[in-house]
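# Commentary on secondary and tertiary structure
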Amino acid sequence: MMKEKLNKIKFEAEKNLNEINNLQELDNFRVKVLGKKGELTQVLRGMGSLSNEERPIIGQYANEVRSFIEDMIGKVKIQLTKKERDNKIKNEKIDISMPGKKNELGHRHPLSNVIKDIENVFIGMGYEIAEGPEVELDYYNFEALNIPKGHPARDTQDTFYINEDVVLRTQTSSVQIRVMENKKPPIRIICPGRVYRSDAVDATHSPIFYQVEGLVVDKGVTMGDLIGTLKVFAKSLFGEKTDIRLRPHHFQFTEPSAEVDVTCWVCKGKGCRVCKNEGWIEILGAGMVHPKVLQNCNIDPEVYSGFAFGLGAERTAMGKYNIDDLRLLYENDLRFIKQF
Ligand SMILES: [Zn+2]
């Protein structure tokens, strides 16, 4: 009786397994036959009623049937897994002829290019780059630079005051003071950075702009060193044929002071619309560091001397790239930016 039941289970299992189409069905089948409440388990529960002679024989046969069915399930499982994977690959086929996502590679802003160019020229001459805060104490922005309270350069129309003692720096010269306070000569630095003035926006003005300042302090530094340095700088940035011209001027923190022109980069000095027929374009201010400024930083003006200069990065970029409106540098219109 029991052997017949086992044979029937074996026979039906073989038959049913051939009709199974997916892994879920296969698992259901396994539980139905071999599970705790499965057909084979039910049969084995009846072993207690068998005689002592029959029990080991039927027991062994039941085990054979179980391993036979397990083997069958294993084989079908391999086939079905492969079939399902093949189907998945077929359905998820990628169209490699489809155009990919374009990765746009950007580049430096023309203003950053000019600042980097200027930095490189001076790094080549042994200068270090110094930085300082944009929200600055009145002392560093004005007082220490020989611009006392009440001086027109502090005019509230030009300066953004946070309070009476704190301003948005109007010049990067504040960095010069901070460096001289902490470092003894020889000093050779340039300070590139953002500065702020309360100006309305137009083709040549912006309330935020970039300056690059330079400072050299050492024993025996002369105006000749300043002129030589600026000549090298002008030639490196605007070309070998560029010359410079100094016109006397007044700054509070240098004495003597000068405004510095370079040969017009458009007409090469012949005279044109850009240079207003002068052949020269003003790009920076410079001079010998005022003795009072050195004293303010505990540097003895009887022993040391120095020169300082400063230029606007925007104006330099406009010259170098022939840009006629400063606002273009800040609007970030890609059609414009892409040209540089
Ligand atoms: Zn010109």
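### Brief notes about the overall build of the chain
The secondary structure content of the chain amounts to twelve helices and ten strands. For 340 residues, the compact-globule estimate of 2.2 N^0.38 gives 20 Å, and the chain exceeds it by more than 25% at 43 Å. Principal axes of the C-alpha set define a box for the chain whose edges measure 125 × 45 × 35 Å. Within the span of the chain, comprising 340 residues, buried residues form 41% of the whole.

### Notes on the sheet that holds strand β8 (residues 254–263)
In spatial order, the strands read β1-β5-β6-β10-β9-β8-β7; together these seven strands make up an open sheet with mixed pairing. In this open sheet, the two strands that pair with only one neighbour each are β1 (128–129) and β7 (244–251). Bridge count for β1 against strand β5 (residues 187–196) is two bridges, and the pairing is parallel. Each residue of the ladder has a partner; that of Glu128, found in β5, is Ile189.

### Here we look at the pairing of strand β6 (residues 208–218)
Burial runs high along β6: eight of the eleven residues are buried. As paired elements, β5 and β6 share ten bridges and run antiparallel to each other. When the bridges of β6 are listed, Arg188 appears paired with Val216. One ladder, built from eight bridges, connects β6 with strand β10 (residues 305–312); its direction is antiparallel. Residue pairing for β10: Gln211 is matched across the bridge by Gly312.

### A few points about the coordination of the zinc ion
In a perfect tetrahedron of four donors around a metal, the angles come out at 109.5 degrees. In a perfect octahedron of six, they are 90 or 180 degrees. Summarising the metal site, the zinc ion is bound by the protein donors Cys264 (SG), Cys267 (SG), Cys272 (SG) and Cys275 (SG), whose distances to it range over 2.2 to 2.3 Å. Around the zinc ion sit four donor atoms; with metal-centred angles ranging over 105 to 114°, the donor geometry is tetrahedral. Here the donor residues of the zinc ion are spaced in sequence according to C-x2-C-x4-C-x2-C. For Cys272, a relative accessible area of 15% puts it in the buried group.

### What to know about the environment of Asp117
Mapped onto the secondary structure, Asp117 falls in helix α5 (residues 110–124). Residue class for Asp117 comes out partly exposed when judged on its relative accessible area of 28%. Once you skip the residues sitting within four places of it in the chain, Asp117 turns out to touch Leu237 and Lys320.

### A closer look at helix α1 (residues 2–17)
Between its first and last C-alpha, α1 extends 22 Å over 16 residues, near the 22 Å set by a 1.5 Å rise per residue. By the burial criterion, the buried members of α1 are Met2, Leu6, Ile9, Ala13 and Leu17. One side of α1 carries all its buried residues, which in axial view fall inside an arc of 55°. Seen from the open side of α1, the exposed residues pointing more than 90 degrees away from its buried face are Glu4, Lys8 and Phe11. In this fold, the buried residues of α1 make contact with α2 (23–34), α3 (39–45) and α4 (54–91).

### Some thoughts on unusual backbone geometry
At the junction of Pro185 and Pro186, the peptide bond is cis and its omega measures out at 5° in the coordinates. Following the sequence through the fold, Pro186 ends up in the loop between α7 (173–182) and β5. Cis geometry marks the peptide bond from Glu255 to Pro256; its omega dihedral reads -5°. Tracing the chain through its elements places Pro256 in strand β8. At Asn146, a position not held by glycine, the phi torsion is positive, near 70°. One can find Asn146 in the loop between α6 (138–141) and β3 (161–163). Unlike most non-glycine residues, Asn332 shows phi in positive territory, near 55°. Checked against the element boundaries, Asn332 lands in the loop between α11 (328–331) and α12 (334–337).

### Concerning the pattern of salt bridges
Any two side chains of opposite charge can pair, given that their charged atoms come close. Scanning the entire structure with this criterion turns up 16 salt bridges. A salt bridge links Lys320 to Asp117, with the nearest nitrogen and oxygen atoms 4.0 Å apart. With a gap of 203 residues between them, Lys320 in helix α10 (residues 313–321) and Asp117 in helix α5 connect regions that are remote in the sequence. Judged by its relative accessible area of 32%, Lys320 is partly exposed.

### Here we look at the side chain of Thr242
Counting through the fold element by element, Thr242 comes out in the loop between α8 (223–238) and β7. Judged by relative accessible area, which is 7%, Thr242 ranks as buried. A polar side-chain atom of Thr242 sits 3.2 Å from the main-chain carbonyl oxygen of Phe238. Setting aside residues no more than four positions away along its own chain, Thr242 makes contact with Ala234, Lys235, Val262 and Thr263.

About the thresholds
- Residues numbered from 1 in each chain as written.
- Predicted model: local features only at pLDDT ≥ 70, side-chain atom pairs only at ≥ 80, totals over all residues.
- Heavy atoms only, no water.
- Helix = DSSP H or I, 4+ residues; strand = E, 2+ residues; numbered from the N terminus.
- Rg over C-alpha atoms; globule rule 2.2 N^0.38 Å.
- Buried < 20%, exposed > 50% of the residue type's maximum accessible area, 1.4 Å probe, protein only.
- Pairing = 2+ DSSP bridges.
- Donors = N, O, S within 2.8 Å, 3.2 Å for Na, K, Ca; no water.
- Tetrahedral: all angles 85-135°; square planar, octahedral: opposite > 155°, others 65-115°.
- Contact = heavy atoms within 4.5 Å.
- Expected span 1.5 Å × (residues − 1).
- Arc of directions from axis to C-beta.
- Salt bridge = Lys/Arg side-chain N within 4 Å of Asp/Glu carboxyl O.
- Polar contact = N/O pair within 3.5 Å; in protein donor to acceptor, adjacent residues only side chain to side chain.

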